[in-house]
Every structure is written in structure tokens, then in C-alpha cells.
Amino acid sequence: MNFRIGHGYDVHRLETNKKFTIGGIKINHHKGVTGHSDADVVIHALCDAMLGALSLDDIGAHFPDTDKKYKDIDSKILLNKVIELCNKNRYQLSNADITILLQEPKISKYKTKMIKVISEVLNIDYSKISIKATTTEGLGFIGREEGVAAHCVVIMEPL
């Protein structure tokens, strides 16, 4: 089988009085993410990993932040478009391993819901998505609660 591996990374600024969307869900917190879309770092990293595995450029090339039609868009819609591109290229996601870097809020209680939402969008079994989280022990922009980041590694398999 011709498996393909991809890695994605995304980061967004945290600011007060903003919505916090991560992993396809909204979390109540005094800070939220800023960006052109809903700034969901988890889904953006997943999209980039899937696109990268198939040498299909990156999320910015497909959904540029200069295009008004993507302003405040739900990133699950972008993920659906990435799935279509992958299927068109005769590949599907085999599994995804996602790591969130975030000082606050703690997201352990949200991981199950994130995995459920993402696996439903991808139309794959829940067990094929892993989400982990870590802090940066107070170091850097993440430790100062100025931002959130996510890494994602995927394996894509032929249809």
C-alpha cells in the first residue's frame, strides 16, 4: 500500500472577549482565538497535515486569509473541502495524532467531544483520532497565555 505521512502545525493569538473554538467545539474561557476564520488550530493543523501528505500545498493556498468568503468561516467546512480534495486524489485519512499546546484552559474534559466532532466530520471511526494536550510550563507565548498551537501527524491511505 502507498501510505503517505503528513505533518501540520498552526498557531493563533489569544485575546480577551473572543470566542474560543478548538477541535470543532466552542469552549467558554475569558480569552479566545483570533484569526481570519474561526481560528481553530486543531482543525487547521489537521487540514495542513492531510494536504501536506498528498503534496497539495497548504491551507493558506486553498483558503487564503485575503479572501472574504473565508472570513469567520467554521473550520469544519474547510476540513470538508480538504476531505473532498483528498478523495479526489484517491486518498483517505487512516489516522491522526494531534497535540495541543495550551497553558489555559485545561482541555482534558473537552478531548472526547473534540474527537467525536472531528471523527464525524471525517466519517471515520473515533479510534482513529488521538488528541493530547500539554502546557509549555509557563514558557514562551503559550506559557504567557498569549497564544495556542497544535501539531498534527496523519497517515493517509489509498481509497
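Since the model is a prediction, treat every value here as computed from it, not as a measurement.

Undergrad: How do you make sense of the sheet that holds strand E4 (residues 31–33) when you look at a structure like this?
TA: Strand pairing in a sheet is mediated by backbone hydrogen bonds. Such pairs are either parallel or antiparallel. With mixed pairing, 5 strands are arranged side by side in an open sheet as E4-E1-E7-E5-E6. Since the sheet does not close on itself, it has two edges, and those belong to E4 and strand E6 (129–134), each with one partner. Strand-to-strand twist across the sheet, computed as the mean angle between neighbouring axes with direction ignored, equals 25°. Both strand E1 (residues 4–16) and strand E7 (residues 147–158) contribute to a ladder of 10 bridges, which runs antiparallel. By the bridge assignment for E7, Gly8 is matched with Cys152.

Undergrad: For this particular structure, what's the right way to read the pattern of salt bridges?
TA: If charged atoms from side chains of opposite charge come close, those side chains can pair. Under the criterion given, the structure shown has 7 salt bridges. The residue Lys71 makes a salt bridge to Asp72 at a minimum N-O spacing of 3.9 Å. In this structure Asp72 comes out as exposed when scored by relative accessible area, which is 55%. A salt bridge links Glu120 to Lys116, with the shortest nitrogen-to-oxygen separation between them at 2.6 Å. Of the two residues, Glu120 and Lys116 are both situated in helix H4 (residues 111–122); the distance of 4 residues between them amounts to about one turn of the helix. When its relative accessible area of 44% is taken as the criterion, Lys116 is described as partly exposed.

Undergrad: How should the nonpolar core be read in this particular structure?
TA: As a rule of thumb, nonpolar side chains are buried together in soluble globular proteins. Counting 50 residues, the largest nonpolar core has Met50, Ile100, Leu122, Ile129 and Val154 as its most contacted members. Among the elements of the structure, strand E2 (20–22), strand E3 (25–27), helix H1 (41–53), helix H3 (75–88), strand E5 (91–101), H4, E6 and E7 are those that each provide at least two residues to this core. Every residue in contact with Leu122, bar those within four places of it in the chain, is listed here: Leu46, Met50, Leu79, Ile83, Leu93 and Ile129.

Undergrad: Would you take a moment to explain the packing of aromatic side chains for this structure?
TA: Counted under the stated rule, the structure contains 1 aromatic pair. When the centroid spacing of 5.4 Å and the interplanar angle of 80° are considered together, the rings of Phe63 and Tyr70 count as edge-to-face.

Undergrad: I tried to follow the packing of H1 against H3 on my own but got confused; where do I start?
TA: When two helices pack together, their arrangement is given by the angle between the helix axes and the distance between those axes. Where H1 meets H3, the closest approach of the two axes is 10 Å, and the angle between their N-to-C directions is 10°. On the basis of their axis angle, the class for H1 and H3 is roughly parallel. When H1 is examined against H3, the residues Ile43, His44, Leu46, Cys47, Met50 and Leu51 are found in contact with a partner set consisting of Ser75, Lys76, Leu78, Leu79, Val82, Ile83, Leu85 and Cys86. When grouped by side-chain class, the residues that make up the contact of H1 with H3 number 11 nonpolar, 2 polar and 1 charged.

Undergrad: Can you help me understand unusual backbone geometry in this one?
TA: Glycine aside, the phi torsion of most residues is negative, and most peptide linkages are trans. With an omega of 0°, the peptide bond between Glu104 and Pro105 qualifies as cis. With respect to the helices, strands and loops of the structure, Pro105 is situated in the loop between E5 and H4. Positive phi, close to 60°, is recorded for Asp72, a residue that is not glycine. Tracing the backbone shows Asp72 in the loop between helix H2 (59–62) and H3. Positive phi is not limited to glycine here, since Glu145 has a value of about 60°. By secondary structure assignment, the location of Glu145 is in the loop between helix H5 (140–143) and E7.

Conventions we followed
Residues numbered from 1 in each chain as written. Predicted model: local features only at pLDDT ≥ 70, side-chain atom pairs only at ≥ 80, totals over all residues. Heavy atoms only, no water. Pairing = 2+ DSSP bridges. Helix = DSSP H or I, 4+ residues; strand = E, 2+ residues; numbered from the N terminus. Axes fitted to C-alpha atoms, helices over the stretch in contact; angles between N-to-C directions. Salt bridge = Lys/Arg side-chain N within 4 Å of Asp/Glu carboxyl O. Buried < 20%, exposed > 50% of the residue type's maximum accessible area, 1.4 Å probe, protein only. Core = buried A, V, L, I, M, F, W, Y, C linked by side-chain atoms within 4.5 Å. Contact = heavy atoms within 4.5 Å. Phe/Tyr/Trp six-rings, centres within 6.5 Å; stacked < 30°, edge-to-face > 60°. Parallel < 35°, antiparallel > 145°, perpendicular 65-115°, else oblique. Nonpolar A, V, L, I, M, F, W, Y, C, P; charged D, E, K, R; others polar.

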